[in-house]
Amino acid sequence: MEAEIETNGRYRKGFLGKFDRHQLERSKALVLLYQWLEDSLREGKGVPERTYIIAMKSTGMEPPSVEIHHDNINGLQSDKNNSPLKKQLKLSPKPSRNSGAGHDVEQRSSSIASGSDLQTLRSYCPPSLDTKNETVINSSSTSLYSPPDLNDNVTEIFKRLVDIYRALGEDRRSFSYYKAVQVIEKFPFKIENSDQIKDLPGVGKSLKDHIHNEKVRTITLFGEVWGIGPATALRLYEKGHRNLDELKNEDTLTQAQRIGLKFFDDIKTRIPHHEVREMEQLVQKVGEQVLPGVDILCGGSYRRGKETCGDMDFIITHPDGRSHIGFLPKFVKCLKDINFLREDLMFSLHSDEVTDSGVDTFFGLCTFPGRELRHRIDLKVYPRELYSFVLIHWTGNDVLNRRLRILADSKGYRLDDKGLFPAVKGSSSNKGFKASASLKFQTEKEVFDFLGFPWLEPHERNL
Ligand SMILES: Nc1ccn([C@H]2C[C@H](O)[C@@H](COP(=O)(O)OP(=O)(O)OP(=O)(O)O)O2)c(=O)n1
Ligand SMILES: [Mn+2]
């Protein structure tokens, strides 16, 4: 049954009077009877809108006249003279209703306002909309409108929460998520931080928390991709990416980040200790062929005796103090030839330079012989004189390293993977420390002793 409202003065002032027809057209909103809200609150869920829709008629510059499609005209006074099909209705002045949840249905983000008689809620028609109403609605200036839901990552979760809370009997909470979905689905932009919606009523604290948590979770996830640091992770989040699949289409990623992404799951798979031992033996054997006498050992969690390792941290030097120079490129080539090294992430060569203490580094991915599962591998080549510091640093763990650094600081030294530097008088900056030459120690134990830290075997360093 349909009826036409006689737009009385109060009605125009209350809601439609605030907007011209073009504004309403632009908003592409459906205007619903306030009754929809009351019924929804009574039911504890959003009731189908189709019988509550008010359609606008284009009438030039005049305030819009209104058609109502409403079989259930409870709460509206009908004019006795109307035919059953087209009733002339007058809206009875009703007391203003601010019934709890209904109060914050109002939303300001999309040029739709709430009035005391009517609440506007949706900008799309639900799938249950009958075709018999479609003709009427389409002939008016309010068209069916299905905006792209730019925030479906949020609304999909919220829709689930609507059902979950309803099933739990928490109708009020269920309804507040329902309302939030209605509001968020209409956003013409992707929500990226909670500040964008902090002033929106109808979108509760839960959503703000949710978005904040989502941001933290997403940035943390992106930061787990090799080569993506916090700043890049934040930039990618702000570009709208929300999961790793979406990142695959991101053309600003470096080649190394792409590899990190492609083998994300592989890299996260920890390697059993005994497999690392086998790969260490393989790497040592190839190293000996390339450069007899070369010292190669796997540090990190493997050297500390952990059952599984996140990656392999190879530390390489040569006892003669010079043959390490130029070793790494040849070594990497051989390891690639036997299909052990598979992808490069970073290759940095400085062993023939005086600066940077002559360190060569290869970061990449390797596979256990006969397998395709990728593992992270680091090869670091240092001059022999730095070996004691290198072993301590790359064996860890990070807690021990921090303690040793603090201890060194307290004694007026700076400790890192390239030495132990006495503080330069008159300067407390890192630069001041670096300007001095490192003390020389042959073994890890000498460093521990010098600092006065009790000696710990590698397997005792899991602090
Ligand atoms: N922020 C960091 C990172 C690393 N390290 C040192 C201590 C680590 O033990 C060593 C190797 O770094 P890894 O990240 O490879 O850590 P682990 O080898 O200890 O553990 P995992 O099994 O996760 O590789 O380098 C450090 O002092 N501080
Ligand atoms: Mn490691």
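Reading guide: rules and limits
Residues numbered from 1 in each chain as written. Chains lettered and ligands numbered in written order. Predicted model: local features only at pLDDT ≥ 70, side-chain atom pairs only at ≥ 80, totals over all residues. Heavy atoms only, no water. UniProt positions renumbered as here; feature names shortened; annotations may be inferred. Helix = DSSP H or I, 4+ residues; strand = E, 2+ residues; numbered from the N terminus. Buried < 20%, exposed > 50% of the residue type's maximum accessible area, 1.4 Å probe, protein only. Contact = heavy atoms within 4.5 Å. Areas by Shrake-Rupley, 256 points an atom, 1.4 Å probe, with all protein chains shown as cover. Core = buried A, V, L, I, M, F, W, Y, C linked by side-chain atoms within 4.5 Å. Domains from an automatic or database assignment. Pairing = 2+ DSSP bridges. Axes fitted to C-alpha atoms, helices over the stretch in contact; angles between N-to-C directions. Near = heavy atom within 4 Å. Polar contact = N/O pair within 3.5 Å; in protein donor to acceptor, adjacent residues only side chain to side chain. Nonpolar A, V, L, I, M, F, W, Y, C, P; charged D, E, K, R; others polar. Phe/Tyr/Trp six-rings, centres within 6.5 Å; stacked < 30°, edge-to-face > 60°. Lys NZ or Arg CZ within 6 Å of the ring centre and 35° of its normal. Donors = N, O, S within 2.8 Å, 3.2 Å for Na, K, Ca; no water. Disulfide = S-S within 2.5 Å.

- Identification of the chain as DNA polymerase from Lithospermum erythrorhizon is taken from an unreviewed UniProt entry.
- Database annotation for the chain, UniProt heading Catalytic activity (unreviewed entry): "DNA(n) + a 2'-deoxyribonucleoside 5'-triphosphate = DNA(n+1) + diphosphate".
- In its Subcellular location (unreviewed entry) section, the UniProt record describing the chain reads: "Nucleus".

### Looking at the overall build of the chain
Piece 1. Within the chain one finds 18 helices and 16 strands.
Piece 2. By residue count, 49% of the 463 residues in the chain fall in the buried class.
Piece 3. Restricting the contact set of the chain to residue pairs at least 6 apart, pairs at least 24 apart contribute 58%.
Piece 4. Carbon and sulfur atoms make up 52% of the accessible area of the chain, which totals about 22,700 Å².

### Topic: the nonpolar core
Piece 1. Core analysis: the biggest nonpolar cluster contains 36 residues, and Phe158 and Ile228 have the highest contact counts within it.
Piece 2. Within the residue set of this core, elements represented by two or more residues are β2 (31-33), α3 (34-43), α5 (152-167), α6 (171-185), α7 (205-223), α8 (230-238) and α9 (244-247).
Piece 3. For this core, the two domains that each supply at least three residues are domain 1 (3-141) and domain 2 (152-268).
Piece 4. Here Ile228 is in contact with Phe222, Gly223, Ala233, Leu236, Leu247, Leu253 and Gln257, once residues within four sequence places are set aside.

### Thoughts on the sheet that holds strand β14 (residues 374-381)
Piece 1. With mixed pairing, 5 strands are arranged side by side in an open sheet as β9-β11-β14-β13-β12. Pairing within the sheet leaves two strands with one partner each, and these edge strands are β9 (295-298) and β12 (341-348). Each adjacent strand pair in this sheet contributes to an overall mean axis angle of 20°, direction not counted.
Piece 2. Those strands touched by helix α10 (residues 255-262) are β12 and β13 (360-367), and its axis lies near 140° from that of β12.
Piece 3. Sitting on the sheet, helix α14 (residues 327-337) touches β9, β11 (312-317), β12, β13 and β14, and the angle it makes with β12 is about 165°.

### Some details on the site of ligand 1
Piece 1. Around ligand 1, the structure places 15 residues, and the nearest of them are Ser301, Arg304, Gly310, Asp311 and Asn401.
Piece 2. Ser301 is positioned with one of its side-chain polar atoms (N or O) 2.6 Å from an oxygen atom of ligand 1.
Piece 3. The contact in question runs from an oxygen atom of ligand 1 to an N or O atom on the side chain of Asp311, over 2.7 Å.
Piece 4. When the free accessible area of ligand 1 is taken as 540 Å², the share hidden by the protein chains comes to 65%.
Piece 5. The biggest single contributor to the shell around ligand 1 is helix α15 (residues 387-395), with 3 residues.
Piece 6. Residue classes in the shell around ligand 1 are distributed as 2 nonpolar, 8 polar and 5 charged.

### Considerations on α15
Piece 1. For α15, the tally of buried residues reaches 7 of 9 residues, placing the bulk of the element in the interior.
Piece 2. Where α15 is concerned, the buried positions are Tyr387, Ser388, Phe389, Val390, Leu391, Ile392 and Thr395.

### Here we look at the packing of aromatic side chains
Aromatic ring pairs are defined here through the distance separating the ring centres and the angle between the ring planes.
Piece 1. In this structure the tally under the stated criterion is 11 aromatic pairs.
Piece 2. Look at Tyr413 and Phe450: their rings are 5.3 Å apart centre to centre, the planes differ by 85°, and that puts the pair in the edge-to-face class. With Tyr413 in strand β15 (residues 413-416) and Phe450 in helix α18 (residues 444-451), the pair connects residues that are 37 residues apart, well separated along the chain.
Piece 3. Measuring from centroid to centroid gives 5.9 Å for Phe448 and Phe453, while their planes differ by 75°, and the two rings are edge-to-face.
Piece 4. According to the relative accessible area criterion, Phe448 is buried, its value standing at 0%.
Piece 5. Taking the relative accessible area as the measure of exposure, Phe453 reaches 15% and is therefore buried.
Piece 6. Cation over ring: Arg242 sits above Tyr237, and NZ or CZ is 3.7 Å from the ring centre.
Piece 7. One Lys or Arg, Lys380, reaches over the ring of Trp394 and ends 3.6 Å from the middle of that ring.

### Concerning the coordination of the manganese ion (ligand 2)
Piece 1. Ligation of the manganese ion (ligand 2) by protein atoms is provided by Asp311 (OD) and Asp313 (OD), these donors lying 2.0 to 2.2 Å from the ion.
Piece 2. When its relative accessible area of 21% is taken as the criterion, Asp311 is described as partly exposed.
Piece 3. Since its relative accessible area comes to 9%, Asp313 is described here as buried.

### Let's talk about the state of the cysteines
Piece 1. Inspection of the entire model under this criterion finds 0 disulfides.
Piece 2. Here Cys366 is not cross-linked by a disulfide; its sulfur's nearest cysteine counterpart is in Cys298, at 9.7 Å.
Piece 3. Its relative accessible area of 0% is what places Cys366 among the buried residues.

### Focus: the environment of Thr254
Piece 1. Mapped onto the fold, Thr254 is located in the loop between α9 and α10.
Piece 2. When its relative accessible area of 40% is taken as the criterion, Thr254 is described as partly exposed.
Piece 3. Separated by 27 residues in sequence, Thr254 and Gly227 place their C-alpha atoms 8.3 Å apart.

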